[in-house]
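Close look at the chain arrangement
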Amino acid sequence: MITQVLLDASGVHIADVEVAHRLGARMKGLLGRAGLGEGRALFINPCPSIHTFGMKFALDLIFVDQDFYIVKIVWNVVPNRMVSGGRRAHAVFELGAGWLTRARLHAGETVTLQTQD
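Residues numbered from 1 in each chain as written. Predicted model: local features only at pLDDT ≥ 70, side-chain atom pairs only at ≥ 80, totals over all residues. Heavy atoms only, no water.

Comments concerning the overall build of the chain
For the chain, the helix and strand inventory stands at 2 helices and 9 strands. Going from the N terminus to the C terminus, the chain shows its helices and strands as β-β-α-β-β-β-β-β-β-α-β. A total of 117 residues make up the chain; the buried ones form 44% of that total. For the chain, restricting intrachain contacts to residue pairs at least 6 apart in sequence, the fraction spanning at least 24 positions comes to 63%. Element-wise, carbon and sulfur atoms account for 52% of the exposed surface of the chain, whose accessible area totals about 6,400 Å². (Helix = DSSP H or I, 4+ residues; strand = E, 2+ residues; numbered from the N terminus. Buried < 20%, exposed > 50% of the residue type's maximum accessible area, 1.4 Å probe, protein only. Contact = heavy atoms within 4.5 Å. Areas by Shrake-Rupley, 256 points an atom, 1.4 Å probe, with all protein chains shown as cover.)

Below, the structure is given as C-alpha cells:
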C-alpha cells in the first residue's frame, strides 16, 4: 500500500510510504533491499524499536506514538545497530539516510498518512 506522509502543521510532503502492518512484513522490514529510493519510506506499525543487522544501507528514523506525534528522530543509523524509540514510541518510519535533513522535522510535531490520489 503506497500513501503519502504529510506534516500536519504545514502540509509538507515528506515521502511516499510503503506500509508494513502484517507480522511477516514487519519482521522483514527492509532486509534484502539495496535501498529505498529517494523520497520513499517504510512505515512499520507497531514497532517501538528497530535493528539494522543485515542491512545494506543507513537509515533515518522517525518514531511516533499512537497519535502520530513524533517522539524521536534518529539520523544516519548505519548497519548492525539497534535503536529504541523510547517508552512512548509505537511505530517507525524508515527512510534512506540523508532524506530527513530536507524535511526539518522535530520531536513533538505530528505526521499523518494520507492515501495518494
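What to know about the confidence of the model for the chain
Across the chain, pLDDT averages 81, with 78% of residues at or above 70. Predicted confidence in the chain is weakest over strand β1 (residues 2-7), with a mean pLDDT of 56, and strongest over strand β7 (residues 82-84), with 96. (pLDDT = per-residue confidence, 0-100.)

Some words on the environment of H106
When you line up the elements, H106 lands in the loop between α2 (100-103) and β9 (111-115). Each C-alpha atom of the pair H106 and K72 lies 8.1 Å from the other, and the pair is 34 residues apart in sequence. Beyond its immediate stretch of four places on either side in the chain, H106 contacts I70 and I73.

Examining the pairing of strand β3 (residues 40-44)
The side chains of a regular strand alternate, residue by residue, between the two faces of the sheet. Counting buried positions along β3 yields 4 of 5 residues, so the element is predominantly enclosed. Note that strand β2 (residues 12-20) and β3 share 5 bridges and pair parallel. Across the sheet, the residue bridging to D16 is R40, located in β3. Bridge analysis of β3 against strand β8 (residues 91-96) gives 4 bridges, and the strand direction is antiparallel. Each residue of the ladder has a partner; that of A41, found in β8, is L95. (Pairing = 2+ DSSP bridges.)

A word on the environment of R104
Among the structural elements, R104 can be located in the loop between α2 and β9. With relative accessibility at 67%, the residue R104 sits in the exposed group. Separated by 90 residues in sequence, R104 and I14 place their C-alpha atoms 9.7 Å apart.

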